[in-house]
Amino acid sequence: YPEALEEFEAVFRIDSEDIPSWLSRTQTYFHLEQWDSALAGSDHIRNAASAPADDKAYGAILAHFCFRKQRREDESLRTVRDAIIEFDSTAWPAPVLEYLAGTISDSKLVDSASTKSLLTEAHAYIALTALISGDMATAWNHYDWVKRHGVYSMMEHSLVMNEFRKLGTDEQLP
C-alpha cells in the first residue's frame, strides 16, 4: 500500500482532480484503517465540482463505512442521508444509499441490482454492514457470494476480501 500511495501523489501532481484516483486512494486508506485520511479523501470527492454524481455517492458510501468502523453511527447515518438528498433516486447507487440508511432491506437491495457488477456491490455492502454489526452469518453468506460470483476488478470486491482476510481465515465459512 505505501507504494500505491506514492503513485497517487504522482498522479495528483499532474491532475489534482482525478476523481477515480481519489476514490482508489480513499479505498487504500480504508484498507490501512487510516480513517482520518480516508475521510479526508471522501470529503474531497463529495465536494469536488468536477466529480460526477455517482462518484460523490461512492465517496459518501466509503465515508459511511469509515464512520461505522469507528463506531460513529450518527455521522455514518447523516452521511448517507445527505447523499440520498443530493443523488438521483432513480440511478444506481441510490439503492445502496437507501440500504445503508436503513430504508430498504438487504433483499430489496439485491433485487434492485440488475447486473453482475451491481450484484457484486450489493452483496459486498451487505457483507460489510453485517460484519461491522456483528451479524456473522449474514456477513459470511454475502462474503461467500462476492468471493464465488463477484466481479474481481471492482472496488467492492477488494473491500470485502480485505475485511474478511483480516479475520484470518477462509475456512470458517459455514
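Predicted model only: the values in this text are computed from it and were never measured.

## Let's talk about the overall build of the protein chain
And step 1. Counting secondary structure elements, the protein chain contains 10 helices and 0 strands.
And step 2. Of the regular secondary structure in the protein chain, the N- to C-terminal order runs α-α-α-α-α-α-α-α-α-α.
And step 3. Its C-alpha atoms give the protein chain principal-axis dimensions of about 45 × 35 × 30 Å.
And step 4. Evaluated residue by residue, the protein chain yields a buried proportion of 49% over its 174 residues.
And step 5. Looking at the protein chain alone, contacts between residues at least 24 apart form 55% of all its contacts between residues at least 6 apart.
And step 6. In the structure as shown, the protein chain presents an accessible area of about 8,600 Å², 49% of it carried by carbon and sulfur atoms.
And step 7. Put simply, the protein chain has 16 plus and 28 minus side-chain charges, and the middle of one group is 4 Å from the middle of the other.

## Comments concerning the packing of helix α2 (residues 19-31) against helix α3 (residues 35-47)
In helix packing, the relevant descriptors are the interaxial angle and the interaxial distance, both defined with respect to the helix axes.
And step 1. For the pair α2 and α3, interaxial distance at closest approach is 8 Å and the crossing angle is 160 degrees. In this view, α2 runs roughly antiparallel relative to α3, as classed from their interaxial angle. Like other packed secondary-structure pairs, α2 and α3 cross with a definite hand, here left-handed. Across the interface between the two elements, Ile-19, Trp-22, Leu-23, Thr-26, Tyr-29 and Phe-30 from α2 touch Trp-35, Ser-37, Ala-38, Gly-41, Ser-42, His-44 and Ile-45 from α3.
And step 2. Broken down by class, the residue content of the contact of α2 with α3 amounts to 8 nonpolar, 5 polar and no charged.

## What about the nonpolar core?
And step 1. One finds Ile-61, Phe-65, Trp-92, Leu-109, Tyr-125, Val-160 and Phe-164 to be the most contacted residues of the largest nonpolar core, which totals 57 residues.
And step 2. Among the elements that make up this core, the one with the highest residue count is helix α8 (residues 116-133) (10 residues).
And step 3. For Leu-109, the residues in contact, after removing those within four places along its chain, are Trp-92, Pro-95, Val-96, Tyr-99, Ile-104, Ala-122 and Ile-126.

## Considering the packing of α8 against helix α9 (residues 136-149)
And step 1. Taken N-terminus to C-terminus, the directions of α8 and α9 make an angle of 150 degrees; their axes are 8 Å apart at the nearest point. Of the possible angle classes, the one that applies to α8 and α9 is roughly antiparallel. You can see that α8 and α9 cross each other, and the crossing is left-handed. Touching Lys-116, Leu-119, Thr-120, His-123, Ala-124, Ile-126, Ala-127, Ala-130 and Leu-131 of α8 are Met-136, Thr-138, Ala-139, His-142, Tyr-143, Trp-145, Val-146 and His-149, all from α9.
And step 2. Grouping the amino acids of the contact of α8 with α9 by side-chain chemistry returns 11 nonpolar, 5 polar and 1 charged.

## Side note on helix α1 (residues 2-14)
And step 1. In this model, α1 (13 residues) spans 19 Å end to end at C-alpha, consistent with the 18 Å of a helix rising 1.5 Å per residue.
And step 2. Buried residues of α1: Leu-5, Phe-8 and Phe-12, and no others. Down the axis, α1 shows its buried residues gathered within 55 degrees of arc, on one side only. Opposite the packed face of α1, turned more than 90 degrees from it, sit the exposed residues Glu-3, Glu-6, Glu-7, Arg-13 and Ile-14.
And step 3. The secondary structure elements touched by the buried residues of α1 are α2.

## What to know about the side chain of Ser-42
And step 1. Positionally, Ser-42 belongs in helix α3.
And step 2. Ignoring anything within four residues of it in the chain, the contact list for Ser-42 reads Thr-26, Gly-59, Ala-60 and Ala-63.

Cut-offs applied
- Residues numbered from 1 in each chain as written.
- Predicted model: local features only at pLDDT ≥ 70, side-chain atom pairs only at ≥ 80, totals over all residues.
- Heavy atoms only, no water.
- Helix = DSSP H or I, 4+ residues; strand = E, 2+ residues; numbered from the N terminus.
- Buried < 20%, exposed > 50% of the residue type's maximum accessible area, 1.4 Å probe, protein only.
- Contact = heavy atoms within 4.5 Å.
- Areas by Shrake-Rupley, 256 points an atom, 1.4 Å probe, with all protein chains shown as cover.
- Lys, Arg positive; Asp, Glu negative; His and termini not counted.
- Charge placed at Lys NZ, Arg CZ, Asp CG, Glu CD.
- Axes fitted to C-alpha atoms, helices over the stretch in contact; angles between N-to-C directions.
- Parallel < 35°, antiparallel > 145°, perpendicular 65-115°, else oblique.
- Left-handed = near helix turned anticlockwise from the far one by under 90°.
- Nonpolar A, V, L, I, M, F, W, Y, C, P; charged D, E, K, R; others polar.
- Core = buried A, V, L, I, M, F, W, Y, C linked by side-chain atoms within 4.5 Å.
- Expected span 1.5 Å × (residues − 1).
- Arc of directions from axis to C-beta.

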